[in-house]
Amino acid sequence: MSDRLLEAVTAGVRTVDLGRQLRVGMPQSPNHPQFWHTLPRRHGDMTRSDGGSAANDMITTGTHVGTHIDALAHVSHEGKMHGGVDAAEAGVGGKYVELGVHTIAPMIRRGILLDIPAVRGTERLEGGDEITVDDLESACAAQGVEVSAGDVVLIRSGWAQLFDEGQPYVGGLSGVPGVGEPGAQWLASREVHAAGADTIAFERLAPGGGHALLPAHRVLLVESGIYIIEALDLEELARTRTYEFTFVLVPLNIFGATGSPVRPLAVVSA
């Protein structure tokens with residue numbers, strides 16, 4: 001019996017890496033422990049009798065650093081997580097057993113890119129810009145795509161162009177573009193599986209406001225059970241106008257964690 005997926009892969013596919021390289025000092029939310037990498041052993045620190053030597057590494061990192069996915073355990077509202085789970089009780093023992101990142105199944109799903117700067121006729125949205133429902137629907141119309149239940153929807157603001165500049169990407173004073181509560185409700189009404197963006201917190205951050213208010217996180221994670229993916233690199237998809245693709249993402253299987261670094265891929269026929 002033939003395997004159509006294997007046949008498609010054998011015929012040739014092209015992959016676009018949507019993840020950011022993990023580097024010491026990369027921009028990140030100040031709310032999370034930073035990524036750190038060091039070499040406890042370098043070549044030559046110990047040499048075997050036959051002349052061989054080996055090096056090894058040690059990393060420490062928050063789970064919401066670099067390109068990462070938010071598990072449903074990441075956010076609560078008025079003491080409750082998704083499904084009415086008591087947030088305080090769920091955290092007893094230091095692990096979120098019910099809604100931790102280990103409960104996220106590997107994703108091989110239809111992916112959609114909504115390129116908002118393209119429909120607005122600009123290269124990049126301004127800090128604090130809200131991506132509206134009209135923006136989302138206009139992008140769907142312009143790109144000829146329709147968001148369906150179970151899709152992974154990736155929303156480009158162009159803010160990723162600032163990633164290599166560090167603090168401007170974090171946007172403390174300028175704010176960061178993104179969807180607000182109405183945009184999140186639009187995504188939830190379409191029953192998407194996950195939503196992602198090229199910004200540090202997915203949703204709009206007001207100038208000077210930091211992470212004080214995150215209504216889209218509440219709507220998606222708590223009320224709707226929809227995963228959030230942050231700090232994506234969507235520039236290559238936008239450059240090639242790749243608006244529909246197979247989306248592949250596998251979180252680290254960390255028991256009870258609230259999130260995980262990821263390296264998502266967009267896969268299309270070669």
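Calculation rules
Residues numbered from 1 in each chain as written. Predicted model: local features only at pLDDT ≥ 70, side-chain atom pairs only at ≥ 80, totals over all residues. Heavy atoms only, no water. 1 Å grid on protein atoms, 1.4 Å probe; cavity = no way out; pocket = protein on both sides within 12 Å on 5 of 7 lines; lining within 4 Å. Points joined across faces, edges and corners; volume = space filled by probe spheres on them. Nonpolar A, V, L, I, M, F, W, Y, C, P; charged D, E, K, R; others polar. Helix = DSSP H or I, 4+ residues; strand = E, 2+ residues; numbered from the N terminus. Buried < 20%, exposed > 50% of the residue type's maximum accessible area, 1.4 Å probe, protein only. Salt bridge = Lys/Arg side-chain N within 4 Å of Asp/Glu carboxyl O. Core = buried A, V, L, I, M, F, W, Y, C linked by side-chain atoms within 4.5 Å. Contact = heavy atoms within 4.5 Å. Polar contact = N/O pair within 3.5 Å; in protein donor to acceptor, adjacent residues only side chain to side chain.

Counted under the stated rule, the structure contains one cavity of 30 Å³ or more. Looking at the largest cavity, the residues that line it are P27, Q28, S29, H64, V65, G66, H68, F163, Y169, I200 and A231. By residue class, the composition of the lining of the largest cavity is six nonpolar, five polar and no charged.

A few words on unusual backbone geometry. With a phi close to 50°, E78 is a non-glycine residue in the positive phi region. Of note in the backbone geometry, R241 takes a positive phi value of approximately 55° without being a glycine. On the secondary structure map, R241 appears in the loop between α8 (235–239) and β11 (244–249).

It is worth spelling out the environment of P106 at this point. Along the polypeptide, P106 turns up in the loop between α2 (87–90) and β5 (107–115). In this structure P106 comes out as exposed when scored by relative accessible area, which is 58%. Taking the C-alpha atoms as reference points, P106 and V248, 142 residues apart in sequence, are found 7.7 Å from one another.

Tallying each qualifying case throughout the model produces 13 salt bridges. Note that R263 and D17 form a salt bridge whose closest N and O atoms lie 2.8 Å from each other. Here D17 lies in strand β1 (residues 13–17) and R263 lies in the loop between β12 (259–261) and β13 (265–269), a separation of 246 residues in the sequence. Accessibility expressed as a relative area gives 64% for R263, which makes it exposed. Overall, D17 belongs to the partly exposed group, its relative accessible area being 29%. Close ionic contact of R239 with E236 constitutes a salt bridge, the shortest N to O distance being 2.8 Å. Within this pair, R239 and its partner E236 are both found in helix α8, separated by three residues, close to a single helical turn. The exposed category is assigned to R239, whose relative accessible area is 61%. Judged by relative accessible area, E236 falls into the partly exposed class, the value being 33%.

Among the nonpolar cores identified, the biggest contains 61 residues, and L114 and F202 are the most heavily contacted of them. Top element by residues in this core is helix α7 (residues 215–224). It accounts for five residues. In this view, L114 contacts L136, A139, C140, Q143, V145, V153, L154, I155, R156 and W186; residues no more than four positions away in its chain are not counted. V65, V170, A201 and L205 belong to the second largest nonpolar core, which has 13 residues in total.

Before going further, it helps to spend a moment on the side chain of H68. Relative to the elements of secondary structure, H68 occurs in strand β4 (residues 68–70). Within the structure, the side chain of H68 is placed 2.6 Å from the backbone oxygen of G66, a separation counted as a polar contact. Of the polar contacts made by the side chain of H68, one reaches the side chain of E230; its length is 2.6 Å. Excluding its chain neighbours within four sequence positions, the residues that come into contact with H68 are T63, I228, I229, E230, S260, P261 and V262.

Bringing the layout of surface pockets into the picture now. Of the volumes computed, that of the largest pocket is approximately 220 Å³. Forming the walls of the largest pocket are L5, A8, V9, V13, T15, I108, T246, V248, V267, V268 and S269. Mapped onto the lining of the largest pocket, the elements with two or more residues apiece are α1 (4–11), β1, β11 and β13. When the residues that make up the lining of the largest pocket are grouped by side-chain class, the tally is eight nonpolar, three polar and no charged.

From the geometry alone we can't say anything about function, so treat these as descriptive.
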